[in-house]
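Each chain, written out:
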Amino acid sequence: MAMAKQRGGDEAAGPAKERSLTHARDFEIVLERASGMTTLVLAGELDLYRAPEIEDALAQAIESEWNGDAAESPSPDGEVRRLAVDLRAVTFLDSTTLVLLLNASHRQDARGGELLVLVGPQTPTTVFEVTGFDRLLTIRRVAVDQGAA
């Protein structure tokens, strides 16, 4: 897998932790943690070929969110833990990705957490609408430069 790197963050909580899980010309996964929230940023083409990497990244994000991480402690006030999956830089996604997102959402729900799917103006969302997954997943439309907050 690719290198680990640091990027920005809330000064009181320490620096945000970002880890590039994989990078290819047409595909990238980056796991970010900041302000008590974990964000899995996916970019490029998300298809059957990339499904094992996406599934591993989702599992890693969920497990680290619930088990805590050296740089990120569990929420002290017991708030629902949120995992955001940022699809704003995705150029293609198929039904395999939808199933992975739905499974991850069910895992979060079972633990009292939430999975939030972020889409932007360029995200191909027709597949969500045609399959009805837009009613099964929590999807938020955001501008490209806007965060998940």
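Look up: the structure comes first, before these words.
Note that this is a predicted model, so its numbers are computed, not measured.

### Some remarks on the pairing of strand β7 (residues 138-141)
Regular strands place their side chains on alternate faces of the sheet. Bridge count for strand β6 (residues 114-119) against β7 is four bridges, and the pairing is parallel. Considered in β7, the bridge of Leu 116 is made with Thr 138. Once the chain exits β6 it traverses helix α3 (residues 126-131) before rejoining the sheet at β7, and the crossover so formed is right-handed.

### Examining helix α2 (residues 95-110)
Taking 1.5 Å per residue as the helical rise, α2 with its 16 residues ought to reach 22 Å, and the 23 Å between its terminal C-alpha atoms agrees with that figure. Of all the positions in α2, only Thr 97, Leu 98, Leu 100, Leu 101, Leu 102, Ala 104, Ser 105 and Gln 108 are classed as buried. A side-chain oxygen of the first residue of α2 lies 3.0 Å from the backbone nitrogen of Thr 96; this N-cap is Asp 94. Within two residues after α2, Gly 112 carries a phi angle of roughly 80°, on the positive side.

### As for the pattern of salt bridges
In this structure the tally under the stated criterion is eight salt bridges. We note a salt bridge from Glu 63 to Arg 107, for which the minimum N-O separation is 3.1 Å. Of this pair, Glu 63 sits in helix α1 (residues 51-67) while Arg 107 sits in helix α2; the two residues are 44 residues apart in sequence, bridging distant segments of the chain. Of the residues examined, Glu 63 reaches a relative accessible area of 26% and is grouped as partly exposed.

What counts as what
Residues numbered from 1 in each chain as written. Predicted model: local features only at pLDDT ≥ 70, side-chain atom pairs only at ≥ 80, totals over all residues. Heavy atoms only, no water. Pairing = 2+ DSSP bridges. Helix = DSSP H or I, 4+ residues; strand = E, 2+ residues; numbered from the N terminus. Right-handed = clockwise from strand over helix to strand, strands pointing away. Expected span 1.5 Å × (residues − 1). Buried < 20%, exposed > 50% of the residue type's maximum accessible area, 1.4 Å probe, protein only. Polar contact = N/O pair within 3.5 Å; in protein donor to acceptor, adjacent residues only side chain to side chain. Salt bridge = Lys/Arg side-chain N within 4 Å of Asp/Glu carboxyl O.

Everything listed here is a matter of coordinates, which is why it stays silent on function.
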